[in-house]
Amino acid sequence: KREAFEKKLAELEQRVSEFELSSADLFSELPLTEETARGLKDSHFTTLTAIQKKSLPLALKGRDILGAAKTGSGKTLAFLVPVLEVLYRKKWTQMDGLGALIISPTRELATQIFEVMRQIGRYHAFSAGLVIGGKNVQEEKERISRMNILVCTPGRMVQHMREAAGFDTDNLQILVLDEADRCLDMGFKSSLDAIIKYLPRDRQTLLFSATQTQSLSDLARLSLKDPEYVGVHDKA
Ligand code: ADP
Ligand code: MG
């Protein structure tokens, strides 16, 4: 069984490295695990949206992304698919702790992301949790320490990181900053800075927003490494 897994993984890595950027219109054309492919199919996602078409191939190859596209353009899958694939390819298991952190400005948005993750990630074995406050901190803390993937709001995440006990971010592989512009508008700049300081520098980061501003560029400079700029604009 171990050998079969290693063989599958080697084939997948090969497909990823041979994959030509921007050549795919369908999820089925991307070099994805069977698990993710089935999760997407079951959820009736077949054709890539414009932002997914531009950013997914790069993100799957491990690049940092600074992505800008308006609300409703499909940014959620543009980061959830790479999160699942990156962890799988790193042979992440439930024992490996926190591998991916997804930060979203509001409880409502974080909850939506979590629901999509549950749908498309259903055939993966990762544990995933939602950290949005409003629950018992102690109980949340115990749950967090067992999670591979967390979807959180900035304020609550900082609180847990500061109180640290049992919460290890040293192995984090991928950070997602969703609706980064809105996070800044809502006054989460110092929380985001604090979270980023707790994370290992050697990681992949995907930053998405609807708009481009100076404060967003500052955050991008702080959090991203040689990013690809991916923008989708309305037709004139
Ligand atoms: P954004 O985060 O950019 O505002 P979402 O990720 O929330 O956008 O997606 C907006 C809507 O589009 C959701 O209802 C989602 O299910 C749908 N959607 C996203 N990607 C696809 C796709 N590839 N095919 C069909 N529907 C999609
Ligand atoms: Mg969104």
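Rules behind the numbers
- Residues numbered from 1 in each chain as written.
- Chains lettered and ligands numbered in written order.
- Predicted model: local features only at pLDDT ≥ 70, side-chain atom pairs only at ≥ 80, totals over all residues.
- Near = placed C-beta within 6 Å.
- Helix = DSSP H or I, 4+ residues; strand = E, 2+ residues; numbered from the N terminus.
- Nonpolar A, V, L, I, M, F, W, Y, C, P; charged D, E, K, R; others polar.
- Pairing = 2+ DSSP bridges.
- Axes fitted to C-alpha atoms, helices over the stretch in contact; angles between N-to-C directions.
- Buried ≥ 20, exposed ≤ 12 C-beta atoms within 10 Å, placed from the backbone.
- UniProt positions renumbered as here; feature names shortened; annotations may be inferred.
- pLDDT = per-residue confidence, 0-100.
- Arc of directions from axis to C-beta.
- Expected span 1.5 Å × (residues − 1).
- Parallel < 35°, antiparallel > 145°, perpendicular 65-115°, else oblique.
- Left-handed = near helix turned anticlockwise from the far one by under 90°.
- Contact = placed C-beta atoms within 7 Å.

**Quick look at the site of ligand 1**
And step 1. Around ligand 1 there are 13 residues in total, and Thr 71, Ser 73, Gly 74, Lys 75 and Thr 76 lie nearest to it.
And step 2. Of the residues forming the shell around ligand 1, the biggest block, three residues, is contributed by helix α4 (residues 75-89).
And step 3. Residues that form the shell around ligand 1 fall into these classes: four nonpolar, eight polar and one charged.

**Here's the deal with the sheet that holds strand β6 (residues 204-209)**
And step 1. In spatial order, the strands read β3-β4-β2-β5-β6-β1-β7; together these seven strands make up an open sheet with parallel pairing. Whereas interior strands pair on both sides, the edge strands pair on one side only; in this sheet they are β3 (128-131) and β7 (228-231). Shown here is a sheet whose adjacent strand axes are inclined to one another by a mean of 15 degrees, direction ignored.
And step 2. In this structure, β3 lies alongside strand β4 (residues 149-152), joined through four bridges in parallel fashion. The partner of Leu 130 across the bridge, within β4, is Val 151.

**Regarding the environment of Ser 17**
And step 1. Along the chain, Ser 17 turns up in helix α1 (residues 2-18).
And step 2. On the basis of neighbour counts, which here come to 9 C-beta atoms within 10 Å, the residue Ser 17 falls in the exposed class.
And step 3. As for Ser 17 and Thr 205, which are separated by 188 residues in sequence, their C-alpha atoms are 19 Å apart.

**Some remarks on the UniProt feature "short sequence motif: Q motif" (unreviewed entry) in the chain**
And step 1. UniProt marks residues 25-53 with the feature "short sequence motif: Q motif" (unreviewed entry), using the numbering shown here.
And step 2. Annotated as 45% helix and 0% strand, the span residues 25-53 places its first and last C-alpha atoms 7 Å apart.

**Comments concerning the UniProt feature "coiled-coil region" (unreviewed entry) in the chain**
And step 1. Within this structure's numbering, the places UniProt gives as "coiled-coil region" (unreviewed entry) are residues 2-29.
And step 2. Secondary structure over residues 2-29 splits into 61% helix and 0% strand, and the C-alpha atoms at its two ends are 27 Å apart.

**Here we look at the confidence of the model for the chain**
And step 1. Of all residues in the chain, 97% have pLDDT values of 70 or greater, and the mean over the chain is 93.
And step 2. Here the predicted complex carries an ipTM of 0.99, next to a pTM of 0.95.

**Considerations on helix α2 (residues 34-42)**
And step 1. Of the positions making up α2, those classed as buried are Thr 36, Gly 39 and Leu 40. In an axial view of α2, the angular spread of the buried residues amounts to 95 degrees, which keeps them on one side of the axis. Structural note: α2 exposes Glu 34 and Asp 42 on the side pointing more than 90 degrees away from its buried face.

**Looking at α1**
And step 1. Its 17 residues place the ends of α1 24 Å apart at the C-alpha level, agreeing with the 24 Å of an ideal helix rising 1.5 Å per residue.
And step 2. Counting buried positions over the 17 residues of α1 gives zero, only a small fraction of the element.

**Re the packing of helix α3 (residues 50-60) against α4**
And step 1. One can describe the packing of α3 onto α4 by two numbers: an axis separation of 9 Å at closest approach and a directional angle of 20 degrees. Considering the angle they form, α3 stands roughly parallel to α4. α3 and α4 meet at a crossing whose hand is right-handed. Touching Ile 51, Gln 52, Ser 55, Leu 56, Ala 59 and Leu 60 of α3 are Lys 75, Leu 77, Ala 78, Val 81, Pro 82 and Glu 85, all from α4.

**Side note on the pairing of strand β1 (residues 65-68)**
And step 1. Alternating residues of β1 divide into Ile 65 and Gly 67 and Leu 66 and Ala 68, and every residue in both groups is buried.
And step 2. Strand direction decides the pairing type here: β1 and β6, joined by four bridges, are parallel. When the bridges of β6 are listed, Leu 66 appears paired with Leu 207.
And step 3. Note: β1 against β7, four bridges, orientation parallel. The residue of β7 that forms the bridge with Ala 68 is Gly 231.

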